[in-house]
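Topology and contacts: notes
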Amino acid sequence: MSRRGERRTALVLLYQWDVTGQELASLFEGEVEPFSRELAEDVVARHEELDARITEAADEWTADRLGALERNILRLAIVELDRADVPVEVVIDEAVSLAKRYSSEDAGKLVNGILGRIVKERAA
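First, a word on scope: everything that follows refers to the structure included in this document. Along every chain, residues carry numbers that run from 1 in the direction the sequence is written. With the structure being a predicted model, the display of local features is reserved for residues of pLDDT at least 70 and the display and counting of side-chain atom pairs for 80 or more, all residues being used for whole-chain, interface and lining totals. With hydrogens and water excluded, all non-hydrogen atoms of the structure serve as input to the side-chain values.

Moving on: the nonpolar core. Note that soluble globular proteins tend to have their nonpolar side chains buried in a common cluster. Throughout, nonpolar core names a set of buried Ala, Val, Leu, Ile, Met, Phe, Trp, Tyr and Cys residues whose side chains join them through atoms within 4.5 Å. Categorising residues by exposure relies on relative accessible area from a 1.4 Å probe, with only protein chains included: less than 20% of the type maximum marks a residue as buried, more than 50% marks it as exposed, and the intermediate range marks it as partly exposed. Leu24, Ile73, Leu74, Leu76, Val111 and Leu115 are the most contacted members of the largest nonpolar core, which has 39 residues in total. When residues of this core are traced back to their parent elements, those giving at least two are α1 (3-20), α2 (34-57), α3 (68-83), α4 (88-102) and α5 (105-123). Here, residues are in contact when the closest pair of their heavy atoms is within 4.5 Å. The contacts of Leu24, once residues within four sequence positions are left out, are Leu13, Trp17, Ala40, Glu41 and Val44. Helix and strand labels come from DSSP, where a helix needs a run of H or I of at least four residues and a strand needs a run of E of at least two; each type is numbered from the N terminus.

The structure is reproduced here in structure tokens:
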């Protein structure tokens, strides 16, 4: 499976985890690629810190006011940005593509804006 597909798998797992409150491990059905599993587990372990970073970067929004889909796309992207093994531009492009595909054009703009602020703050 491609990295894009593995990100999508991680997003589906995280969305289910976020919406249902079930343990992440209980949502793994069948074989889950290691990259998908690692991303999802990292997000779950760090979700409070990630949400604080999202809230700080979002104009007049808190992470809990965002939709579960957008919130988890942002969480995934921040984890990948922190890992620094994928170029920043690729991380942002993948996150925006996920938001546009599974939510809306406006969600893509929101994700792009928040991630752009996070990247600028990191560089400063």
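Let us now look at the side chain of Asp51. With respect to the helices and strands, the residue Asp51 is situated in helix α2. Overall, Asp51 belongs to the buried group, its relative accessible area being 16%. Aside from chain neighbours lying at most four places away, what touches Asp51 is Ala63, Arg71 and Arg75.

Below, the discussion takes up the packing of aromatic side chains. Geometry of aromatic contacts follows a simple scheme: Phe, Tyr and Trp rings, the Trp one being its six-membered ring, pair when their centres are within 6.5 Å, and the pair is stacked under 30 degrees between planes, edge-to-face over 60, tilted otherwise. Inspection of the entire model under this criterion finds 0 aromatic pairs. Each ring is checked for a lysine NZ or an arginine CZ that lies within 6 Å of its centre and within 35 degrees of its normal; such an atom marks a charge sitting over the ring. Lying across the ring of Phe28, Arg37 places its NZ or CZ 4.1 Å from the centre. Between the NZ or CZ atom of Arg65 and the centre of the ring of Trp61, over which it lies, the distance is 4.3 Å.

Relative orientation and spacing of two packed helices are given, respectively, by the angle between their axes and the distance between those axes. Here an axis means a line fitted to C-alpha atoms, over the contact stretch when the element is a helix, while the angle between two N-to-C directions is reported on a 0 to 180 degree scale. Look at α3 against α4: their axes get within 10 Å of each other, and the N-to-C directions meet at 165 degrees. In terms of their interaxial angle, α3 and α4 are classed as roughly antiparallel. Crossing of α3 against α4: the hand is right-handed. Residues Leu69, Ile73, Ala77, Glu80 and Leu81 of α3 form the contact with α4, whose own contacting residues are Val88, Val91, Ala95, Leu98, Ala99 and Tyr102. The residue inventory of the contact of α3 with α4, partitioned by class, reads 10 nonpolar, no polar and 1 charged. The labels follow the angle: roughly parallel below 35 degrees, roughly antiparallel above 145, roughly perpendicular from 65 to 115, and oblique for the rest. Each crossing is labelled by how the near helix is turned from the far one, with a counterclockwise turn of less than a right angle marking it left-handed and a clockwise turn marking it right-handed. Under this grouping Gly is polar, as are all residues other than the nonpolar Ala, Val, Leu, Ile, Met, Phe, Trp, Tyr, Cys and Pro and the charged Asp, Glu, Lys and Arg.

Moving on, we get to the pattern of salt bridges. What counts as a salt bridge is simple: a side-chain nitrogen of Lys or Arg found within 4 Å of a carboxyl oxygen of Asp or Glu. Counted under the stated rule, the structure contains 15 salt bridges. Taking the shortest distance from any N to any O, the salt bridge between Arg83 and Asp42 comes out at 2.8 Å. Here Arg83 is found in helix α3, whereas its partner Asp42 is found in helix α2, with 41 residues between them in sequence. Through salt bridges that share partners, Arg46, Glu49, Arg53, Asp82 and Arg122 make up one connected network.

Read these as spatial facts, not as claims about activity.
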